[in-house]
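Next come the chains, spelled out residue by residue.
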Amino acid sequence: MMTEFDLIKRFFAEQPVQRKDVLLGIGDDCAIVTTNEHKHIAVTTDTLVAGVHFFEDAEPRAVGHKSLAVSLSDLAAMGAEPSWISIALTLPKVDEAWVSEFCAGVFELAEYYNVQLIGGDTTSGPLSITVTAQGLIPADKRLTRAGARAGDWLFVTGDLGDGALALNYLLNKVEVESAYREQIIDKLLYPKPRVLAGQLIREYATAAIDLSDGLIGDLRHICEASNVGANIVLEDLPLSAALTETLPLEQAQQLALSGGDDYELLFTVTEDNKVGIETALNNAGIKHSCIGQLNGNGKITTTLNNQAVKISAKAFEHFSKD
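The present account deals with the structure reproduced in this document.

Turning next to the overall build of the protein chain. The helix and strand tally for the protein chain stands at 10 helices and 13 strands. Its C-alpha atoms give the protein chain a radius of gyration of 20 Å, near enough to 20 Å, the size a compact globule of 322 residues would have. For the protein chain, the C-alpha atoms occupy an extent of roughly 65 × 50 × 40 Å along the three principal directions. Looking at the protein chain alone, contacts between residues at least 24 apart form 84% of all its contacts between residues at least 6 apart. Put simply, the protein chain shows about 15,700 Å² of open surface, and 49% of that area lies on carbon and sulfur atoms. With 25 positive and 44 negative side-chain charges, the protein chain shows a spacing of 3 Å between the two charge centroids.

Below you can see the structure in the form of structure tokens.
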């Protein structure tokens, strides 16, 4: 029978990334890393639980990918360069085939972003994965939720609502044309963190957050931290053909506002930096949309064709009774 240490040695100790700033990696009580004195370290931790964040029978490669992607998305929102990760993996039993595929999903994404696994833990229990990711930020360039000001423009990368649409399709709540199924399911199971976008916008943006729990809920975090309000222009929401050809426009907009699982970046920028940030993103081939503007009244509103529209969108929240 494979022990915890056998599991670590076989599946986690060997990996494609070996960074020069890792002085001591897997195999001791702690890892040791070093960094440039002109850079700060951003740290984030996310836990994914079977039956809550992914299906119990989800493909292990997809689980591995998403486990890392959600943490890299957090680093992207801070403008950080992903550097090191630790993984705490809780397994009901040692399934070597499952662990092998899980690691393949993790290491494929880690190699793409030059991220090294430097430690973690394995234990027995209900299936869950906790990832702690760390990244480097130039000392004077970090992004937070608290820098936005009234008058700033509100931007988002990519399209909104496809991940939530895929989830509804997999739960048999909506029918999606076959031409779009692979596209939206891939976005749900294999989200692509906006790491490059985060490093570009840190030169211009006043605040940023990644979209994991829905646009409205995550925008509210920026508004509360920055003491501002915002108006979202509904006709400017970036919606894919998969979404608009599956649902009536109003339902598509509602899903884009509250669906979650987008892992795009929501960010704010002053009038003076608006052209600069759009040029930088255009040059990198990163889709982005200006979807509204911040105000000083502390409220989030929506308009459609310059007319106020009431919304019922609500973000996902753990431990909520609703």
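Here we take up unusual backbone geometry. Of note in the backbone geometry, N172 takes a positive phi value of approximately 60° without being a glycine. Relative to the helices and strands, N172 is located in the loop between α4 (162–170) and α5 (178–189).

With that settled, the discussion passes to the pairing of strand β12 (residues 300–304). Bridge count for strand β9 (residues 229–233) against β12 is four bridges, and the pairing is parallel. What sits directly across from N231, in β12, is T301. In this sheet, strand β13 (residues 307–309) lies alongside β12 in antiparallel orientation, the contact comprising three bridges. From the neighbouring strand, T302 faces β13, where its bridge partner is V309. Hairpin remark: β12 followed by β13, antiparallel, with two residues in the connecting loop; positive phi at N305, about 55°.

Looking now at the pairing of β9. Taking burial as the measure, the five residues of β9 include five buried ones, the bulk of the element. Residues G229, N231 and V233 line one face of β9 and the alternating positions A230 and I232 line the opposite face, and both faces are buried. Note that β9 and strand β11 (residues 288–295) share four bridges and pair antiparallel. From the neighbouring strand, A230 faces β11, where its bridge partner is L294.

In spatial order, the strands read β3-β6-β4-β5; together these four strands make up an open sheet with mixed pairing. The open sheet has two free edges, formed respectively by β3 (39–49) and β5 (116–124), since each of these has just one partner strand. Shown here is a sheet whose adjacent strand axes are inclined to one another by a mean of 15°, direction ignored. Taken together, the nine bridges between strand β4 (residues 81–91) and strand β6 (residues 128–138) define a ladder with antiparallel strand orientation. Each residue of the ladder has a partner; that of A88, found in β6, is T130. Against the sheet, helix α2 (residues 60–77) contacts β3, β4 and β6, and its axis sits at roughly 140° relative to β3. On top of the sheet, helix α3 (residues 96–112) reaches β4, β5 and β6; it is set at about 165° to β4, its chief contact.

Ranked by internal contacts, the top residues of the largest apolar core, which has 48 residues, are I85, I201 and F267. The set of elements that each furnish at least two residues to this core consists of β3, α2, β4, α3, β6, α6 (195–201), β10 (265–269) and α10 (274–283). Grouped together as the second largest cluster of nonpolar side chains are 37 residues, L154, L211, L215 and L266 included.

Of note, Q253 is situated in helix α9 (residues 249–258). For Q253, a relative accessible area of 7% corresponds to the buried category. Not counting residues within four places of it along the chain, the set of residues in contact with Q253 comprises L234, E235, L237, L239 and L304.

What follows covers the packing of α2 against α3. The contact between α2 and α3 brings their axes to 6 Å, and the two run at 35°. For the pair α2 and α3, the crossing hand works out as right-handed. Taking contact as the criterion, the partners of P60, R61, V63, G64, H65, S67, L68, A69 and L72 in α2 are, on α3, W98, E101, F102, A104, G105, V106, E108, L109 and A110.

What counts, and at which threshold
Residues numbered from 1 in each chain as written. Predicted model: local features only at pLDDT ≥ 70, side-chain atom pairs only at ≥ 80, totals over all residues. Heavy atoms only, no water. Helix = DSSP H or I, 4+ residues; strand = E, 2+ residues; numbered from the N terminus. Rg over C-alpha atoms; globule rule 2.2 N^0.38 Å. Contact = heavy atoms within 4.5 Å. Areas by Shrake-Rupley, 256 points an atom, 1.4 Å probe, with all protein chains shown as cover. Lys, Arg positive; Asp, Glu negative; His and termini not counted. Charge placed at Lys NZ, Arg CZ, Asp CG, Glu CD. Pairing = 2+ DSSP bridges. Buried < 20%, exposed > 50% of the residue type's maximum accessible area, 1.4 Å probe, protein only. Axes fitted to C-alpha atoms, helices over the stretch in contact; angles between N-to-C directions. Core = buried A, V, L, I, M, F, W, Y, C linked by side-chain atoms within 4.5 Å. Left-handed = near helix turned anticlockwise from the far one by under 90°.

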